[in-house]
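Notes for the structure review
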Amino acid sequence: MTQPEKPVQDPWLLTPGPLTTSRTVKEAMLHDYGSRDLRFIEINRRVRERLVEIIDGQGTHVCVPLQGSGTFVVEAMLSNFVPRSGKVLILVNGAYGTRMQSICAYHGIDSEVLQWPEDEPVDPNKVAERLAGAPGITHVAVVHCETTTGILNPIEDVGEAVAAAGRSLLIDSMSAFGALSISARNIQFDALVASSNKCLEGAPGMGFCLASEPALTATQGNSDSLCLDLYQQWQGLEANGQWRFTPPTHCILAFDQALKEFDAEGAVAGRGGRYRENCEALVSGMRAMGFETLLPDALQAPIIVTFKMPVDSRFDFQRFYDGLSECGYVIYPGKLTIAESFRMGCIGRLGVTEMRGALEAVRVVMDEMGVASGSPVA
Ligand SMILES: *Cc1c(COP(=O)(O)O)cnc(C)c1O
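To start, this report covers the structure provided alongside it. Just so you know, these numbers come straight off a predicted model, no measurement behind them.

Side note on helix 5 (residues 124–133)
Looking at helix 5, one finds that the buried residues are Pro124, Val127 and Leu131. End-on view of helix 5: buried residues confined to an arc of 55 degrees, all on one side of the axis. Opposite the buried face of helix 5, by more than 90 degrees, sit the exposed residues Asn125, Glu129, Ala132 and Gly133. Looking at the packing, one finds that the buried side of helix 5 touches strand 3 (88–92), strand 4 (111–115), strand 5 (139–143) and helix 6 (155–164).

Here's the deal with the pattern of salt bridges
All chains considered together, the criterion is met by 22 salt bridges. One salt bridge in this structure joins Glu49 and Arg45, with 2.7 Å as the shortest N-O distance. Of this pair, Glu49 and Arg45 both sit in helix 2 (residues 38–54), separated by 4 residues, roughly a single helical turn. On the accessibility criterion, Glu49 (43% relative accessible area) is partly exposed. In this structure, Asp123 and Lys126 form a salt bridge, with 3.9 Å as the shortest nitrogen-oxygen distance. When its relative accessible area of 22% is taken as the criterion, Asp123 is described as partly exposed. Salt bridges sharing partners connect three or more residues here, namely Glu201, Glu265, Arg271, Arg274 and Arg349.

Topic: the site of the ligand
Around the ligand sit Ser69, Gly70, Thr71, Tyr96, Arg99, Val143, Cys145, Thr147, Asp172, Met174, Ser175 and Lys198, and that is every residue in its neighbourhood. The separation between an oxygen atom of the ligand and a polar side-chain atom of Thr147 is 2.4 Å. When the ligand sits alone it has 380 Å² of accessible area, and the protein chains cover 85% of it. Contributing elements (two or more residues each) for the shell around the ligand: helix 3 (70–81) and helix 4 (95–107).

Describing the sheet that holds strand 2 (residues 61–67)
Reading across the sheet, the 7 strands line up as 2-10-9-8-5-3-4 and stay open at both edges, with mixed pairing between neighbours. For this open sheet the edge positions go to strand 2 and strand 4, each flanked by a neighbour on one side alone. Taken over all neighbouring pairs, the strand axes of this sheet differ in orientation by 20 degrees on average, direction set aside. As defined by bridge partners, strand 5 adjoins strand 8 (residues 168–172) across 5 bridges and the pair is classed as parallel. From the neighbouring strand, Val143 faces strand 8, where its bridge partner is Asp172. Strands in contact with helix 6 are strand 3, strand 5 and strand 8; relative to strand 8, the strand with the most contacts, it is inclined by about 160 degrees.

Focus on helix 2
Since there are 3.6 residues in each turn of an α-helix, residues three or four apart along the chain are aligned in direction. Between its first and last C-alpha, helix 2 extends 25 Å over 17 residues, near the 24 Å set by a 1.5 Å rise per residue. Considered for burial, the residues of helix 2 that qualify are Phe40, Ile41, Ile43, Asn44, Val47, Arg48, Arg50, Leu51, Val52 and Ile54. The secondary structure elements touched by the buried residues of helix 2 are strand 2, strand 10 (206–212), helix 8 (230–240), helix 9 (249–264) and helix 10 (267–288). By the N-cap criterion, in which a side-chain oxygen at the helix start approaches the backbone nitrogen of a residue two or three places on, helix 2 is capped by Asp37, the distance to Arg39 being 2.8 Å.

A closer look at the side chain of Ser175
Positionally, Ser175 belongs in the loop between strand 8 and strand 9 (191–195). For Ser175, a relative accessible area of 2% corresponds to the buried category. Other than its neighbours up to four places away in sequence, Ser175 contacts Cys145, Thr147, Lys198, Cys199 and Ile303.

Quick word on empty space enclosed by the protein
Inspection of the entire model under this criterion finds 1 cavity of 30 Å³ or more. Volume-wise, the largest cavity comes out at about 30 Å³. Listed by contribution, the elements that provide at least two residues to the lining of the largest cavity are helix 2 and strand 2. Looking at the lining of the largest cavity, the element that brings in the most residues is helix 2, giving 4 residues. Split into classes, the residues belonging to the lining of the largest cavity amount to 6 nonpolar, 1 polar and 1 charged.

Regarding the sheet that holds strand 11 (residues 304–308)
Spatial strand order, 11-14-13: 3 strands in an open sheet with antiparallel pairing. Strand pairing shows two members of the sheet lacking a second neighbour, strand 11 and strand 13 (332–333), which therefore form its edges. With 2 bridges connecting them, strand 13 and strand 14 (residues 341–345) associate as antiparallel partners. For Pro333, the partnering residue across the bridge sits in strand 14 and is Phe342. Lying over the sheet, helix 10 contacts strand 11 and strand 14, oriented at roughly 10 degrees with respect to strand 11.

Calculation rules
- Residues numbered from 1 in each chain as written.
- Predicted model: local features only at pLDDT ≥ 70, side-chain atom pairs only at ≥ 80, totals over all residues.
- Heavy atoms only, no water.
- Buried < 20%, exposed > 50% of the residue type's maximum accessible area, 1.4 Å probe, protein only.
- Helix = DSSP H or I, 4+ residues; strand = E, 2+ residues; numbered from the N terminus.
- Arc of directions from axis to C-beta.
- Contact = heavy atoms within 4.5 Å.
- Salt bridge = Lys/Arg side-chain N within 4 Å of Asp/Glu carboxyl O.
- Near = heavy atom within 4 Å.
- Polar contact = N/O pair within 3.5 Å; in protein donor to acceptor, adjacent residues only side chain to side chain.
- Areas by Shrake-Rupley, 256 points an atom, 1.4 Å probe, with all protein chains shown as cover.
- Pairing = 2+ DSSP bridges.
- Axes fitted to C-alpha atoms, helices over the stretch in contact; angles between N-to-C directions.
- Expected span 1.5 Å × (residues − 1).
- 1 Å grid on protein atoms, 1.4 Å probe; cavity = no way out; pocket = protein on both sides within 12 Å on 5 of 7 lines; lining within 4 Å.
- Points joined across faces, edges and corners; volume = space filled by probe spheres on them.
- Nonpolar A, V, L, I, M, F, W, Y, C, P; charged D, E, K, R; others polar.

These results come straight from atomic positions and should not be treated as a statement about function.
So this is what it looks like as structure tokens:
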């Protein structure tokens, strides 16, 4: 037996995921349930039902959970919903749109890309225009909040353009789901995917697909992967309440608790409201130290904020990152092609107190480096 470690405070994760979770979410994992345990089957039912309610999808949509990180379920969505005879138009304004392109390339899914710069939202008019000129396109895939920058894409308007053209919509709402409202009554989509560990504040380990029931039914036989076959996963769950292969039991127990805490906080309005406060505290505090956001406030989702790299030659990003880590705050490097940047998240079990703590740590580390201002212009 090893000696028990001295308890240390976990770092606060100001990242796009995995994220800081509550103690009670972590404690929910202190059980070993078998996959056939009736309590566990009931929890699965409850979690799936609640996820459908979040999009107002009762009676029209179903929830298919899938083992793995979020990308697994994005891959499952694209490879199941776009039939071999179909073609998908992918709207790209960041790395997660580009990742959908790679998924299509791996699976030999016929695809085409409409691209915007990373600091511009996708344009529904351009989508309508392209669909009018390309009758072979059957599906459109869009990212709700492009986590690369934190930009919010106008998915309701995209949905209108896609529905008006009689095509099907697939949504990656991974980093927005639970914080930004999305209703199946206002936006027509075949499938939407998200995961347990972002704005719903569960532990990582599973994604889920919320699918229109007729659209999911029509995917039977489409999957070119056994593990990612959403239709079969759904049929298995409907038949006996069990997952086809070993379920991430602890992750689901944590997710069930996370959904209770989500409801206690006031669901999407409450969760989104806290993140908005976090985002405002972060952005105003950083601006007061000279930093600039990549995006204007009107395009910024309250999920993760991209800051431009300061110009002061004494500013060393690695030192900045390490210094913040030592103070207990983990930030995230940028992933941009258009500008040097870094990111700070507003999501997870964090409040304004933690955001102020992070701002204080930024000040301390800047002082240590001898950097007076975070301004990106000389
Ligand atoms: C986090 C995220 C994903 C999935 O990423 P994983 O690392 O596989 O969990 C997909 N799309 C978006 C927009 C995301 O933010």
